[in-house]
Amino acid sequence: MREKEAISAYLKLLQAKGAVSATLHKRALFLDQLSSRLTSKTRDSSEYRTVIEDVMETIPTDDWHESLTVAREFYPFWLKDIKAIAAMNINPGFDIIPAQWKPDQITLKALTDSLVTEKFDTSENWPLKAYAQALRHEGAEQSVVETRVKLVKIILIRLRNAPEKNNKAYRTAVDLTLPLFNLKQNRRLFLVIVREFYHFWSGNPEAAKMVFKEGSDNFIL
C-alpha cells in the first residue's frame, strides 16, 4: 500500500534526525488517520488538501500546528517526490521539536473587533503597506485589498508576543488561527493571504511576486 510505504519512509527519516519515540508515535497516529482517507486518491495537491481539511475537523485546536506540520512534511513522501524530499532534508525542512511558543487563546470576534482601535508600529505597517500596494499593482479592487489587509492584521496581532521573528513562529501563528474560522472557504482564503503576505513580513517582497504569478491554491505554507 503506497500510504504505508510513504509513512514508513517519513517516520524512518524523522527517527534518523533524532525524533523521540513519543513524537514518532503521535505523528504515526495522525498519519494513520490520513492514510485511510488518502487510499485511492489521485496524487495531487487538491485531493491532498481536501483530505487534510476533513481530518483537521477531528483534531483538537491545540494540536492543529503539530498536525499541519506533519501534513506539510508528509506531502512529498505521499507524492514520491524524491527531489522535494531531498530539498527539505538539506534546508532543513523537518521540524521534530514541539513548538515552545503559541499565540494567546482568543476568539475571531475579539480579534476582528480589536482592529477598530488597534495601532500598528512601523515594523508592522511597512509590510502591510507594501502588501496592499502589491495587491493594487496586481489589479485588485479596493474592497479586496481592504478585506485582505484586515486578515493580515489579524496574523500580525497573533505574532506580537512571539519570541522570534521566523518562519516557525509564523506557521505556528497561522496554524493556531485557522481553527478560529468556522467555514472552510474562509480558512482557504486566510491561507492564500498569509502565504502571500509572508514574503512581505519576512522582508522579501520580490519573492512575493512569484506567489502572485503562481497562485496560492495550496494549503502548504
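Q: Would you explain the overall build of the protein chain in this entry?
A: A tally of regular secondary structure across the protein chain gives 11 helices and zero strands. For the protein chain, the succession of helices and strands along the chain, N to C, is α-α-α-α-α-α-α-α-α-α-α. Taking 221 residues into account, the globule formula puts the C-alpha radius of gyration at 17 Å, and the protein chain, at 18 Å, falls close to it. Each of the three principal axes of the protein chain carries a C-alpha extent, and together these read 50 × 35 × 30 Å. Taking all 221 residues of the protein chain together, 45% fall into the buried category. When contacts within the protein chain are restricted to residue pairs at least 6 apart in sequence, those whose partners lie at least 24 apart make up 71%. Surface exposure of the protein chain reaches about 11900 Å², of which carbon and sulfur atoms provide 53%. The averaged location of the 28 negative side-chain charges in the protein chain is 1 Å from the averaged location of its 32 positive side-chain charges.

Q: Would you mind showing me how to read helix 4 (residues 64-79) here?
A: One turn of the α-helix equals 3.6 residues, which is why residues spaced by three or four share an orientation. Taking 1.5 Å of rise per residue, the 16 residues of helix 4 would be expected to cover 22 Å, and the 22 Å separating its terminal C-alpha atoms lies within 8% of that figure. At Glu 73, helix 4 is bent by approximately 30°, the largest bend along its length, and proline Pro 76 sits one to four residues beyond. Of all 16 residues that make up helix 4, 14 are buried, and the element is covered over most of its length. Immediately beyond the C-terminal end of helix 4, within one or two residues, lies Lys 80, with a positive phi of roughly 60°.

Q: For this particular structure, what's the right way to read the packing of aromatic side chains?
A: The description of an aromatic ring pair rests on the distance of the ring centres and on the angle between the ring planes. Summed over all chains, the structure comprises 11 aromatic pairs. Judged by centre distance (4.8 Å) and plane angle (50°), the rings of Tyr 48 and Tyr 75 are tilted. Taken together, the residues Tyr 48 in helix 3 (residues 45-56) and Tyr 75 in helix 4 connect sequence positions 27 residues apart. Each member of the pair, Tyr 48 together with Tyr 75, is buried. In this structure, Lys 165 is placed above the aromatic ring of Trp 201, and the distance from its NZ or CZ to the ring centre is 5.2 Å.

The rules behind these values
- Along every chain, residues carry numbers that run from 1 in the direction the sequence is written.
- Since the coordinates come from a predicted model, pLDDT governs what is reported: local features require at least 70, and pairs of side-chain atoms require 80 or more to be given and counted, while whole-chain, interface and lining totals use all residues.
- Remark: hydrogens and water are excluded; side-chain values derive from all non-hydrogen atoms of the structure.
- Secondary structure elements follow DSSP: runs of H or I of four or more residues count as helices, runs of E of two or more count as strands, with numbering from the N terminus.
- It is over C-alpha atoms that the radius of gyration is taken, and the globule rule equals 2.2 Å times the number of residues to the power 0.38.
- Relative accessibility under 20% of the residue-type maximum defines a buried residue, over 50% an exposed one, and the middle range a partly exposed one, all with a 1.4 Å probe and only protein chains included.
- By definition, residues are in contact when any of their heavy atoms lie within 4.5 Å.
- Here the open area of atoms and residues is found with the Shrake-Rupley method and a 1.4 Å probe, where only the protein chains shown may cover a residue.
- His is not counted here, nor are the chain ends, while Lys and Arg score as positive and Asp and Glu score as negative.
- For charged residues, the charge sits on one atom: NZ in Lys, CZ in Arg, CG in Asp, CD in Glu.
- A helix is expected to span 1.5 Å for every residue after the first.
- Fitting axes to the seven residues ending at a residue and to the seven starting there, one defines the bend at that residue as the angle between these axes.
- Pairing of aromatic side chains requires ring centres within 6.5 Å, counting the rings of Phe and Tyr and the six-membered ring of Trp. Pairs whose planes differ by under 30 degrees are stacked, by over 60 edge-to-face, and all others tilted.
- Sitting over a ring, as applied to charges here, requires NZ of Lys or CZ of Arg to be within 6 Å of the ring centre and within 35 degrees of the ring normal.

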